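# An overview of the molecular structure
The residues making up each chain are set out below.
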Amino acid sequence: MIPIYLCDDDSALRRRLQTALERKILIEDYDMRIVCSAADAAFLLKAVRQEPGRRGIYFLDVELRDGDWDGFRLGKEIRRLDPHGTLIYVTGFGDLAYRTFQYHLEAFDYIVKDPEKLEESVARCLEEVKDRLLEERRDPAQVYTLQVGETLRHIPIADILFFETAPRAHHILLHTRGSREAGMRFSPGEAVGHPAREGLRGNSRGAGLEGGIAGGSAARKCAHPGEGKENGSRNVSGGVIDFLGNLNEIQSALGEGFLRVHRAYLVALDKIEEVDFRHGRLWVGGYECLLSRSGKSELMKRL
């Protein structure tokens, strides 16, 4: 459970803020709870000290009138007690970035004291905090980590379509959805990407399928059965990452959700859209992959 703390010397505004937070938490069933609603810094800091090690969310009044305390000084003390806490400032002014810089604070967001927009602003802010916390707490098992040059990339497993061997020795191509190559259009029968790969898949593999898939890398074809020239090109969302790797090792690391359908292809089972057992091919995310005899046998067991 994530604790939420409020500090505002305006009791009416504090009640509205608390009501808006409680309503959003209830509607979305967030694992959050307001543990302190204070009018002064001392009361709030006492509550924070009683929950050591708990990463909290703090809604602080910038214009807090409490002796030597204002919202920024309070935020600085909270940052000392809870270094990873989320600070959200409630203010009557729109631009206070220079003040957070002056106090060496990182504020997650600002909420302007506008009664008409307060509930909407609180709901949006809480959604964004929840999303960020979920991302930070992502289970390492839900990502596949690879190295590209000197950079480590963490790819969500849910975004992986398939892996294939690359033309260069010991290189693997990882095909994903929703990355920077989204929206590129490939015509049926058009080979894309690695010229050295063109012609590696013989024309005989295209027999019996409309749309023509002769020549080129099978994984870069977007022709589906029934999609011929009359249908034009097909949108394919996805991207390709080239890295050093080994399909056997990748398969061992990823487990049951992926299947080696061919010596050159390791595919995500839940991304398979269509299978042509007769001609030994299948489609994943709009791409065509080869399907070997042993791959067919394993695939039939798993489908």
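Keep in mind that this is a model prediction, so the values were computed, not measured.

Counting secondary structure elements, the chain contains seven helices and 17 strands. With 303 residues in all, the chain has 44% of them scored as buried. The contacts of the chain with a sequence gap of at least 6 include a subset with a gap of at least 24, amounting to 61%. For the chain, the computed accessible surface area is about 16000 Å², with 48% contributed by carbon and sulfur atoms.

The final tally for this structure, using the stated rule, is zero disulfides. Note on Cys7: no disulfide assigned, nearest cysteine sulfur contributed by Cys36 at a separation of 7.6 Å. Residue Cys36 is classed as buried on the basis of its relative accessible area of 3%.

Let's shift gears to the pairing of strand β15 (residues 272–276). As defined by bridge partners, β15 adjoins strand β16 (residues 281–284) across four bridges and the pair is classed as antiparallel. The residue of β16 that forms the bridge with Asp276 is Arg281. In this antiparallel pair of consecutive strands, β15 and β16, the connection spans four residues, and Gly280 shows a positive phi of 70 degrees.

Quick look at the confidence of the model for the chain now. Of all residues in the chain, 71% have pLDDT values of 70 or greater, and the mean over the chain is 75. At the low end of the mean pLDDT range in the chain sits strand β10 (residues 185–186), at 30; at the high end sits strand β14 (residues 265–268), at 97. Across residues 97–105 the pLDDT falls below 50, and counting only partners more than four positions away or on other chains, this stretch makes 18 contacts in the model. Every residue in residues 179–238 scores below 50 in pLDDT, and together they form 138 contacts with partners more than four places removed in sequence or on other chains.

Okay, the sheet that holds strand β12 (residues 239–244) next. If you trace the five strands from one edge of the open sheet to the other, you get β12-β9-β8-β14-β13, paired in antiparallel fashion. This sheet does not close on itself; its edge strands, each paired only once, are β12 and β13 (258–262). The average undirected angle you get between the axes of adjacent strands in this sheet is 20 degrees. Where β13 meets β14, four bridges bridge the pair, whose relative direction is antiparallel. What sits directly across from Arg260, in β14, is Leu266.

As a further point, take the nonpolar core. Core analysis: the biggest nonpolar cluster contains 22 residues, and Ile4, Leu21, Met32, Ile57, Phe59 and Leu126 have the highest contact counts within it. Broken down by secondary-structure element, the contributors of at least two residues to this core are β1 (2–7), α1 (11–28), β2 (32–38), β3 (57–61), β4 (86–91) and α5 (118–136). A total of six residues in this core trace back to one element, the largest contributor, which is α5. Beyond its immediate stretch of four places on either side in the chain, Ile57 contacts Ile2, Pro3, Ile4, Tyr5, Met32, Thr86, Ile88 and Val129.

A word on the side chain of Arg14. Along the chain, Arg14 turns up in helix α1. Buried charged residue Arg14 carries no salt bridge. Nearest counter-charge: Asp8, at 5.7 Å. Of the polar contacts made by the side chain of Arg14, one reaches the side chain of Ser37; its length is 3.3 Å. In this structure Arg14 touches Leu6, Asp8, Asp9, Ser37, Ala38 and Ala39, once residues within four positions along its chain are discounted.

The rules behind these values
Residues numbered from 1 in each chain as written. Predicted model: local features only at pLDDT ≥ 70, side-chain atom pairs only at ≥ 80, totals over all residues. Heavy atoms only, no water. Helix = DSSP H or I, 4+ residues; strand = E, 2+ residues; numbered from the N terminus. Buried < 20%, exposed > 50% of the residue type's maximum accessible area, 1.4 Å probe, protein only. Contact = heavy atoms within 4.5 Å. Areas by Shrake-Rupley, 256 points an atom, 1.4 Å probe, with all protein chains shown as cover. Disulfide = S-S within 2.5 Å. Pairing = 2+ DSSP bridges. pLDDT = per-residue confidence, 0-100. Axes fitted to C-alpha atoms, helices over the stretch in contact; angles between N-to-C directions. Core = buried A, V, L, I, M, F, W, Y, C linked by side-chain atoms within 4.5 Å. Lys, Arg positive; Asp, Glu negative; His and termini not counted. Salt bridge = Lys/Arg side-chain N within 4 Å of Asp/Glu carboxyl O. Polar contact = N/O pair within 3.5 Å; in protein donor to acceptor, adjacent residues only side chain to side chain.

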